[in-house]
2 protein chains.
Amino acid sequence: MGVCIVVAVYPESPELPEILYAGELEIRPEEGLVLATGQALTLSVREFELLAAMARRQGTIISRGDLYRTVWGGELRPGDRSVDVYVSKLRNKLETALPDRRFIHTHPGFGYRFQPQPSRNVHIE
Amino acid sequence: MGVCIVVAVYPESPELPEILYAGELEIRPEEGLVLATGQALTLSVREFELLAAMARRQGTIISRGDLYRTVWGGELRPGDRSVDVYVSKLRNKLETALPDRRFIHTHPGFGYRFQPQPSRNVHIE
DNA sequence: ACCCGGCTTTCACGGTTTTTTCACGGTCCG
DNA sequence: CGGACCGTGAAAAAACCGTGAAAGCCGGGT
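From a predicted model like this one, the values you see are computed outputs, not experimental measurements.

A. Here's a closer look at the overall build of chain A. On a plain count of helices and strands, chain A comes out with three helices and eight strands. Along its sequence from the N terminus, chain A presents helices and strands in the succession β-β-β-β-β-α-β-α-α-β-β. Once local pairs closer than 6 in sequence are excluded, the contacts in chain A between residues at least 24 apart make up 44%.

B. View of the nonpolar core. Of all hydrophobic cores here, the largest spans 42 residues; its most connected members are Leu51 and Met54 of chain A together with Val34, Leu50 and Leu51 of chain B. Element by element, the count of residues in this core is highest for helix H3 (residues 82-97) of chain B, at five residues. Excluding residues within four positions of it along the chain, Leu51 of chain B makes contact with Ile27, Val34, Leu43 and Leu90 of chain B.

C. Region of the structure containing the protein's contact with DNA strand C. Lining the immediate environment of DNA strand C, one finds 20 residues, of which Ser44, Val45 and Arg46 of chain A together with Ser44 and Val45 of chain B sit closest. Counting residues per element, the ones that place at least two in the surface near DNA strand C are helix H1 (45-56) and helix H3 (82-97) of chain A together with helix H1 (45-56) and H3 of chain B. Here the surface near DNA strand C is composed, by residue class, of seven nonpolar, five polar and eight charged.

D. Fine view of the protein's contact with DNA strand D. For DNA strand D, the set of nearby residues contains 18 residues, the closest of which are Ser88 and Thr106 of chain A together with Asp84, Ser88 and Thr106 of chain B. Put simply, the parts of the chain that give the surface near DNA strand D at least two residues each are H3 of chain A together with H3 of chain B. Taken together, the residues that form the surface near DNA strand D break down as six nonpolar, six polar and six charged.

E. Representation of H1 of chain A in the model. Residues and elements named next belong to chain A. For H1, spanning 12 residues, the distance from its first C-alpha to its last is 16 Å, which sits close to the expected 16 Å at 1.5 Å a residue. Listed in full, the buried residues belonging to H1 are Glu47, Leu50, Leu51, Met54 and Ala55. In an axial view of H1, the angular spread of the buried residues amounts to 130°, which keeps them on one side of the axis.

F. Molecular detail of the sheet that holds strand S2 (residues 20-22) of chain B. All names here are of chain B. If you walk across this open sheet you meet the four strands as S2-S3-S4-S5, and the pairing is antiparallel. The open sheet has two free edges, formed respectively by S2 and strand S5 (39-41), since each of these has just one partner strand. Strand after strand, the sheet turns through a mean of 25° between neighbouring axes, direction not considered. Here S2 runs beside strand S3 (residues 25-28); their pairing, made up of three bridges, is antiparallel. From the neighbouring strand, Ala22 faces S3, where its bridge partner is Leu25.

G. Summary view of unusual backbone geometry. Residues and elements named next belong to chain A. Positive phi, close to 50°, is recorded for Thr37, a residue that is not glycine. If you trace the backbone, Thr37 turns up in the loop between strand S4 (33-36) and strand S5 (39-41). C-beta crowding within 10 Å serves as the criterion here: with 10 such atoms nearby, Thr37 is assigned to the exposed category.

H. View of the pairing of strand S7 (residues 101-107) of chain A. All names here are of chain A. With six bridges connecting them, S7 and strand S8 (residues 111-118) associate as antiparallel partners. Its bridge partner being in S8, Arg101 is matched across the sheet by Pro118. Connecting S7 to the next strand, S8, in antiparallel fashion are three residues, including Gly109 with a positive phi near 90°.

I. Representation of the packing of H1 of chain A against H3 of chain A within the structure. All names here are of chain A. Where H1 contacts H3, the two axes come as close as 10 Å, and the packing angle between them is 85°. In terms of their interaxial angle, H1 and H3 are classed as roughly perpendicular. Within the contact between the two elements, H1 uses Arg46, Glu47, Leu50 and Leu51 and H3 uses Tyr86, Lys89, Leu90 and Lys93. Its residues assigned to classes, the contact of H1 with H3 shows four nonpolar, no polar and four charged.

J. A look at the packing of H1 of chain A against helix H2 (residues 64-71) of chain A. Residue and element names in this part refer to chain A. Where H1 contacts H2, the two axes come as close as 10 Å, and the packing angle between them is 125°. It follows that H1 is oblique to H2 by the angle criterion. In this structure, H1 crosses over H2, and the sense of that crossing is right-handed. For the pair formed by H1 and H2, the contact residues are Arg46, Glu49, Leu50 and Ala53 on the first element and Leu67, Thr70 and Val71 on the second. Considering only residue class, the contact of H1 with H2 consists of four nonpolar, one polar and two charged.

K. Structural view of the sheet that holds S8 of chain A. Residue and element names in this part refer to chain A. Here we have three strands laid out as an open sheet, ordered S6-S8-S7, and antiparallel in their pairing. Strands at the two margins of the open sheet, each flanked by one partner only, are strand S6 (61-62) and S7. Where S6 meets S8, two bridges bridge the pair, whose relative direction is antiparallel. Following the sheet pairing, Ile62 is matched in S8 by Tyr112.

Cut-off values and rules
Residues numbered from 1 in each chain as written. Chains lettered and ligands numbered in written order. Predicted model: local features only at pLDDT ≥ 70, side-chain atom pairs only at ≥ 80, totals over all residues. Helix = DSSP H or I, 4+ residues; strand = E, 2+ residues; numbered from the N terminus. Contact = placed C-beta atoms within 7 Å. Core = buried A, V, L, I, M, F, W, Y, C linked by C-beta atoms within 7 Å. Buried ≥ 20, exposed ≤ 12 C-beta atoms within 10 Å, placed from the backbone. Near = placed C-beta within 6 Å. Nonpolar A, V, L, I, M, F, W, Y, C, P; charged D, E, K, R; others polar. Expected span 1.5 Å × (residues − 1). Arc of directions from axis to C-beta. Pairing = 2+ DSSP bridges. Axes fitted to C-alpha atoms, helices over the stretch in contact; angles between N-to-C directions. Parallel < 35°, antiparallel > 145°, perpendicular 65-115°, else oblique. Left-handed = near helix turned anticlockwise from the far one by under 90°.

Below, the structure is given as structure tokens:
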């Protein structure tokens, strides 16, 4: 097999202010700001980076290893539960802000998937 | 300001993310994700690996020994029913997600064959 | 220097989910 | 009938995760 060359040309370096949306969440990485229905959430640095990392890849399953590399840097050591702990923290804050949405889904053995999901407040059945 | 050029050179066949299709199934091995008509299926690691192994060789009959080597690693010991059990689990989940297709076909004495097949839900008669 | 408070890391327990294994019951022949 | 083969529920064992809380870090204020 040969090589693969990928060339990306961006019209300026100046980052078009990245803004991520998910459900009624609005995430502004540059600013370190998260809005839930307009209301600002108070997240720590780790919480924020973790949220951003997942939101950037929403809909896909991301392994703990990937998340650790992206947010913490370096390799996830076996037995290190940092990612889980912060997912838990994040879930709490999101739950508090937006009680009827689930954002972070666990895929046992694979990792986590971020995807806003309407709650069954919609009265199924 | 000018432009920003990013060049990436990969030494081997670029990891085009492998994606397998079968009927209305979409399988993304890298991510451990399966979509059935867009909806994410929830599979365990074994279920997923088994599905991927079969989908990679769809249309062919694969022996239990082959499947075991590929998914579990090591040799299938006589009397070990793991493959059958997981085929059963997989059939259930696929059936639930896509009621009018059969994917996994048994070839007694030989093994299993994976191939999407429209069911007669189509109302013949 | 000392204390305080917030953030991060680590530890540990307990609940869940997955994987493995067992066993019973069908089916398809000769 | 008897044996090989397969489907599958369920128990047992193992792996995996959620989370409260202890412990470590660090900067700011007094």
